[in-house]
Amino acid sequence: MEFKGAMGGLYRITEWISRIAFGNILWAFCSIPFLFTAVLKIIMMASEQGGPNEQITLNWVLGITAPFTVFPATAALFTLVRKWVMGNTDVSTFRTFFQGYKENYVKSMLGGLIYSLLFVVMYVDVTVYMTQMSSFKIVGILMLVLMIILFVSMFNFFSIIVHYQMTFKEVVSNSILLTIARPIRVFSTLIAGAFLVYIGLKYPVLYFICIPTLIAMVAFFNFYATYNKLQLQVEKKKQEELEAAEEAALNEGTDRENEDSEQQTKHI
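None of these values were measured; they are calculated from a predicted model. (Residues numbered from 1 in each chain as written. Predicted model: local features only at pLDDT ≥ 70, side-chain atom pairs only at ≥ 80, totals over all residues. Heavy atoms only, no water.)

Any details on the overall build of the chain? Residues and values, ideally.
Looking only at helices and strands, one finds 11 helices and zero strands in the chain. What you see in the chain, going N to C, is helices and strands ordered as α-α-α-α-α-α-α-α-α-α-α. The globule rule puts the C-alpha radius of gyration for 268 residues at 18 Å, and the 26 Å found for the chain is more than 25% above it. Looking at the chain residue by residue over its 268 residues, the buried ones come to 34%. (Helix = DSSP H or I, 4+ residues; strand = E, 2+ residues; numbered from the N terminus. Rg over C-alpha atoms; globule rule 2.2 N^0.38 Å. Buried < 20%, exposed > 50% of the residue type's maximum accessible area, 1.4 Å probe, protein only.)

Give me the layout of surface pockets: which residues, what numbers.
Volume-wise, the second largest pocket comes out at about 260 Å³. Along the walls of the second largest pocket sit 14 residues, with Glu103, Asn104, Ile161, Val162 and Gln165 positioned nearest its centre. Within the residue set of the lining of the second largest pocket, elements represented by two or more residues are helix 4 (70–85), helix 5 (93–103) and helix 7 (137–163). Looking at the lining of the second largest pocket element by element, the count peaks at four residues for helix 5. Here the lining of the second largest pocket is composed, by residue class, of three nonpolar, seven polar and four charged. (1 Å grid on protein atoms, 1.4 Å probe; cavity = no way out; pocket = protein on both sides within 12 Å on 5 of 7 lines; lining within 4 Å. Points joined across faces, edges and corners; volume = space filled by probe spheres on them. Nonpolar A, V, L, I, M, F, W, Y, C, P; charged D, E, K, R; others polar.)

Outline the packing of helix 7 against helix 8 (residues 168–181), listing residues and values.
Here helix 7 crosses helix 8 at 130°, and the two axes come no closer than 8 Å. For the element pair helix 7 / helix 8, the angle class is oblique. Remark: the crossing between helix 7 and helix 8 carries right-handed chirality. Listed contacts from helix 8 to Ile149, Val152, Ser153, Asn156, Phe157, Ile160 and Ile161 of helix 7 are Phe168, Val171, Val172, Asn174, Ser175, Ile176, Leu178 and Thr179. When its residues are assigned to classes, the contact of helix 7 with helix 8 shows 10 nonpolar, five polar and no charged. (Axes fitted to C-alpha atoms, helices over the stretch in contact; angles between N-to-C directions. Parallel < 35°, antiparallel > 145°, perpendicular 65-115°, else oblique. Left-handed = near helix turned anticlockwise from the far one by under 90°. Contact = heavy atoms within 4.5 Å.)

Please set out a negative patch on the surface residue by residue, giving values where relevant.
Together, Glu240, Glu241, Glu243, Glu246 and Glu247 give the surface a local cluster of negative charge. With respect to the secondary-structure elements, Glu247 resides in helix 11 (residues 211–267). (Patch = residues over 30% accessible without salt bridge, like charges linked within 9 Å, V, L, I, M, F, W, Y side chains within 5 Å. Areas by Shrake-Rupley, 256 points an atom, 1.4 Å probe, with all protein chains shown as cover. Salt bridge = Lys/Arg side-chain N within 4 Å of Asp/Glu carboxyl O. Lys, Arg positive; Asp, Glu negative; His and termini not counted. Charge placed at Lys NZ, Arg CZ, Asp CG, Glu CD.)

Structural data, given as structure tokens:
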């Protein structure tokens, strides 16, 4: 049954709310170990309970659980939002999510291991250079910038995993190259994500309802816009090459006709 007018608009809004909320719940369910540790860490920091050793232990737990939980769950979420952004909104949320979870688990887990390791190394470097080695603060700032670029490249990492059939090495290299080559689109995703996180801080319940899913939708939307633009550029280049080849063939044919005419004239 299809509703029209205001009732139809209200129905579509509620349908999207339930769709986004369900996807968000699936993501949170598959990320429980990581999210539980993250929430515990935030509570301890806010209440000033636990010492440095406890915080370091929680950091290690976050680093260990992230590759096996939140990374595959995020890849599955991107599989889902990819369908929505590309206009296929009638897919089963549950089936599409877990299909993406199964298909992309290995690549996303390996990516999670590499990203987590790099984040740990850079975090330690930033902490040391910024707090204990004041004369090398410029190095700390540089490492902080690299951390931001690495973090932003994760948006492309997940988008490429679910959109292309590539080897793991190609996925990682292309996600970083695309981040550097198309910084405006990627950093617009970062700004939009930061805004959504800020809204979530004002209304924490939104984290359980929609924030991660909305960030994934914005990230893939920007990636897909970049993808379409690159596709148009490739097609335009192919068209120009085809036209150049046709023009060269036409000129070659004209030259041959002129040569034949000249030879016939000399023969006469």
